[in-house]
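The chain contents come next:
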Amino acid sequence: MELTDEWGRRTAMAVHVPSRPAGRRLGALIVLHGAGGSGDQLLPRFAALGDRLSMAVLCPSAQLPKRTTANLDLAGLFGNRFRMPQWDMAGRDFPLAALRWARTELGVDSNRCALTGVSMGGLATWNLGMRFWHSFSAIAPVNGALSVWESFGTDRRARSLLPNVLPLPLFVVHGGKDEQIPARFDRESVRSLRALGHADACYVEVPDGQHRLETLGLEDGSGLFQRLECWLGGAKRATGSAVLRHRAEEDFHGRAHWVGISGITAHQAGEVRARRRPGNQVEIEVSGAAEVTLYLRSDQFRSGSEITVLVNGVSTSLRFEPDLATVFSSFREHADPELTAEQVLRIPVPSPYA
């Protein structure tokens, strides 16, 4: 089938839809191929996993980059003249479009939508997971990395977003003999997350595994396949949290569930920490951004109630007034019930914190 991305570009997407389980909605597994690959090539390797877990498997094919800066990570791995179809690490192209398609066309359970990818796709899985962690039930990068620039030292820009993954179930597979993207990249990322308190970070290093997917023993019936199947089958998106923490380096991925930031300071990560408290109070701390946005719903507040919002200690009073037009527009934007808002409020971050 054909898929359209944020910029209106089109690509082919290979799709496998298993039989719908009785009394249960399908989930979705989005699979991202590596450099030089395609969705058609990768689909047969993951179709069985979709059958076992009642998840539609969606494998879009990458296109040449829309943004020249999106080329930097892969240039660090393949050379400065690397010019091939690739994923946009900031999330404006086909992976998120595939997620939306699964929701609108297949009616999948939005709380059972996972992301995986191999090589370049593993790199994209990490980066999309860090930026849009609230949209997925789990991520499973294979032979990937946060940033291949870490061959030259710590990539502080990429690692500034790593704490976003803390609420997201994570299953990482890497070949111990991978010479193209060394296993130490993934090994260090998982170690960092565990040190930060990640409760569900699984790392499997295949001793004789190389960079090619077929060397990892991930075929149907293998021990690793069964382990991934069991883990992924139990993964479900975390929703309804009264406490959120999110970092973003650009406005496009400034939102997480019911709070967002915008006007993010160039060349650094903005951060928001938000907490809903009893008595219709919301406490928010913001750094590196000019504005905070609240996406309010009636499962959080009673219609017509007064809400007190403290942004960096400065209080603002407002009334929760659900609006049907806001419901329609917010659902149309994401096609995700969890991200649908009944009222959207924007509050400037008081100086000198902006």
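Now for a quick tour of the structure. (Residues numbered from 1 in each chain as written. Predicted model: local features only at pLDDT ≥ 70, side-chain atom pairs only at ≥ 80, totals over all residues. Heavy atoms only, no water.)

**Here's the deal with the overall build of the protein**
So, point 1. The helix and strand tally for the protein stands at eight helices and 17 strands.
So, point 2. Counting only C-alpha atoms and orienting by the principal axes, one finds that the protein spans roughly 60 × 50 × 40 Å.
So, point 3. Counting all 354 residues of the protein, 56% fall into the buried class.
So, point 4. Residue pairs in contact within the protein that sit at least 24 positions apart in sequence constitute 69% of those at least 6 positions apart. (Helix = DSSP H or I, 4+ residues; strand = E, 2+ residues; numbered from the N terminus. Buried < 20%, exposed > 50% of the residue type's maximum accessible area, 1.4 Å probe, protein only. Contact = heavy atoms within 4.5 Å.)

**Quick notes on the pattern of salt bridges**
So, point 1. Applying the stated criterion to the full structure yields 19 salt bridges.
So, point 2. A salt bridge links Glu306 to Arg319; the nearest nitrogen and oxygen atoms lie 2.7 Å apart. Here Arg319 lies in strand E16 (residues 314-319) and Glu306 lies in strand E15 (residues 306-311), a separation of 13 residues in the sequence. (Salt bridge = Lys/Arg side-chain N within 4 Å of Asp/Glu carboxyl O.)

**Overview of the packing of aromatic side chains**
So, point 1. Counted by the stated rule, this structure contains three aromatic pairs.
So, point 2. Ring centres of Phe171 and Trp231 lie 5.3 Å apart, and the angle between their planes is 55°; on these two criteria the pair is classed as tilted. Remark: Trp231 occurs in helix H7 (residues 223-233) and Phe171 occurs in strand E7 (residues 170-175); sequence separation between them is 60 residues.
So, point 3. On the accessibility criterion, Phe171 (1% relative accessible area) is buried.
So, point 4. Here the guanidinium or amino end of Arg92 rests over the ring plane of Phe252, the centre of that ring lying 3.9 Å away. (Phe/Tyr/Trp six-rings, centres within 6.5 Å; stacked < 30°, edge-to-face > 60°. Lys NZ or Arg CZ within 6 Å of the ring centre and 35° of its normal.)

**Structural notes on the pairing of strand E11 (residues 259-262)**
So, point 1. Where burial is concerned, the two faces of E11 agree: the one with Val259 and Ile261 and the one with Gly260 and Ser262 are both buried.
So, point 2. Judged from the two bridges that link them, strand E10 (residues 255-256) and E11 form a sheet pairing that is antiparallel. Bridge pairing in E11 links Ala256 to Val259.
So, point 3. In this structure, the hairpin formed by E10 and E11 is closed by a connection of two residues, where His257 is found at a positive phi of approximately 55°.
So, point 4. Summarising the sheet, E11 and strand E14 (residues 291-296) pair through four bridges and their orientation is antiparallel. Across the sheet, the residue bridging to Gly260 is Thr293, located in E14. (Pairing = 2+ DSSP bridges.)

**Here we look at the side chain of Arg247**
So, point 1. Mapped onto the elements, Arg247 comes out in strand E9 (residues 243-248).
So, point 2. Classification of Arg247 as buried rests on a relative accessible area of 18%.
So, point 3. Of the polar contacts made by the side chain of Arg247, one reaches the backbone oxygen of Ser160; its length is 2.9 Å. (Polar contact = N/O pair within 3.5 Å; in protein donor to acceptor, adjacent residues only side chain to side chain.)

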